[in-house]
Amino acid sequence: MNTADLTRIRLAIHGGAGDLAPGAGPQPEHRAALARIAESTQALLIQGATALDAVEHAVVLLEECPLFNAGIGGVLNRDGLPELDAAIQRGSDRACGAVAGVMRSKSPVRLARAVMERSPHVFFSGPGAEQLGRELGLPEVEPTYFVTHERLMQLEEARRKGVITLDHDTDDSRAQKTAPDAAFGTVGAVVRDAFGGLAAATSTGGLTNKHPGRIGDTPVVGAGTFADDRSVAISCTGTGESLIKACFGQEVHARMAYSGWDIAKATQHALDEVLHYGGRGGCIAIDHSGRITMPFNSYVMYRAWVDADGAVQVGIELADGT
Ligand code: ASP
């Protein structure tokens, strides 16, 4: 392992992408939450945390924040239940863990990390995933723990309109036109630590009014979550079906590793593929040299980042920066 060098630290977090109707305002609550979580993650990294610990820390805080679609405040399926997905990956050896369709594990990303470190496997789903969490002594909750009034209202609205939506989608005209089936949200984090190591983690409630059992890109390592120290750490948000078809994380890695593309060109290309497969969304990504990019093709993507200057920055709309 390299010796610690605090100038290597970079991080980016996201609270999902979507087509928020114009006029939603500056959203100070969302901005403050993103800034607080980025600051706390930066502080941990300065104390010497690894990228893996830092992405888990950021995503646990995002799961606990009801403003974003993961953990508490995760969107609800057609039956009014949360079905949560999460994944985590370390870039040095591609060690990874993922869970899908859980509703009783207090922190899906912690469960994903337990899968990675405390089981011989990499991917668990539903009751079996929850059973593993129980056997490993991870905290459990009733499914109602995750349900908020706002999400119940959102589900009612989606049922009334007969659509399946991404979180943060309020512009019906665009949602109907570009993704008849969808609306986004999801949370994620990517980090380069003081030792130069990369990691990524993502957690989501998926799509509002989704069919029970539906799984998106978030827990699919190599699609919505990916980290490899030789190339890039990535966390996606958007139409899971299209992100899976695009093999988003692997596509970016391959373009960087085999074609010599830089991170901006590789992520933009993968996002174009997502559009080609009928989806929308975005990603946060950091490469091995510390370059950050956060492209999206929806109207907004909630994000915060710390670049070489060490300042925490927050963005929602395109004009907000990087
Ligand atoms: N990508 C997530 C999924 O398809 C949803 C989102 O990012 O809004 O489950």
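Residues numbered from 1 in each chain as written. Predicted model: local features only at pLDDT ≥ 70, side-chain atom pairs only at ≥ 80, totals over all residues. Heavy atoms only, no water.

**Some remarks on the site of the ligand**
Argument step 1. In the vicinity of the ligand, twelve residues are found, and the nearest of them are G185, T186, R214, D217 and G238.
Argument step 2. In this structure, a nitrogen atom belonging to the ligand sits 2.6 Å away from a side-chain N or O atom of D217.
Argument step 3. Contacts to the ligand include G238, whose backbone N or O atom sits 2.6 Å from a nitrogen atom.
Argument step 4. The protein chains hide 100% of the 270 Å² of surface that the ligand would expose on its own.
Argument step 5. More than half of the atoms of the ligand fall within 2 Å of the grid points belonging to the largest cavity.
Argument step 6. Across the shell around the ligand, the residue classes tally to two nonpolar, eight polar and two charged. (Near = heavy atom within 4 Å. Polar contact = N/O pair within 3.5 Å; in protein donor to acceptor, adjacent residues only side chain to side chain. Areas by Shrake-Rupley, 256 points an atom, 1.4 Å probe, with all protein chains shown as cover. 1 Å grid on protein atoms, 1.4 Å probe; cavity = no way out; pocket = protein on both sides within 12 Å on 5 of 7 lines; lining within 4 Å. Sits in = over half its atoms within 2 Å of the grid points. Nonpolar A, V, L, I, M, F, W, Y, C, P; charged D, E, K, R; others polar.)

**Some words on the pairing of strand β8 (residues 232-238)**
Argument step 1. β8 sits mainly inside the fold: seven of its seven residues count as buried.
Argument step 2. Where burial is concerned, the two faces of β8 agree: the one with V232, I234, C236 and G238 and the one with A233, S235 and T237 are both buried.
Argument step 3. Looking at chain direction, strand β7 (residues 225-227) and β8 are connected through three bridges and run antiparallel. In the sheet register, A227 faces β8, and the bridge partner there is A233.
Argument step 4. Once β7 ends, the chain turns through four residues before running back antiparallel as β8. (Buried < 20%, exposed > 50% of the residue type's maximum accessible area, 1.4 Å probe, protein only. Helix = DSSP H or I, 4+ residues; strand = E, 2+ residues; numbered from the N terminus. Pairing = 2+ DSSP bridges.)

**A short note on the packing of helix α1 (residues 28-46) against helix α2 (residues 51-64)**
Argument step 1. Running from N to C, α1 and α2 cross one another at 155 degrees; their axes reach a closest spacing of 9 Å. Considering their axes alone, α1 and α2 lie roughly antiparallel with respect to each other. Once α1 is placed against α2, the crossing between them reads as right-handed. Facing α1, whose interface residues are L34, I37, S40, T41, L44 and L45, α2 presents D53, A54, H57, A58, L61 and L62.
Argument step 2. Taken together, the residues that form the contact of α1 with α2 break down as eight nonpolar, three polar and one charged. (Axes fitted to C-alpha atoms, helices over the stretch in contact; angles between N-to-C directions. Parallel < 35°, antiparallel > 145°, perpendicular 65-115°, else oblique. Left-handed = near helix turned anticlockwise from the far one by under 90°. Contact = heavy atoms within 4.5 Å.)

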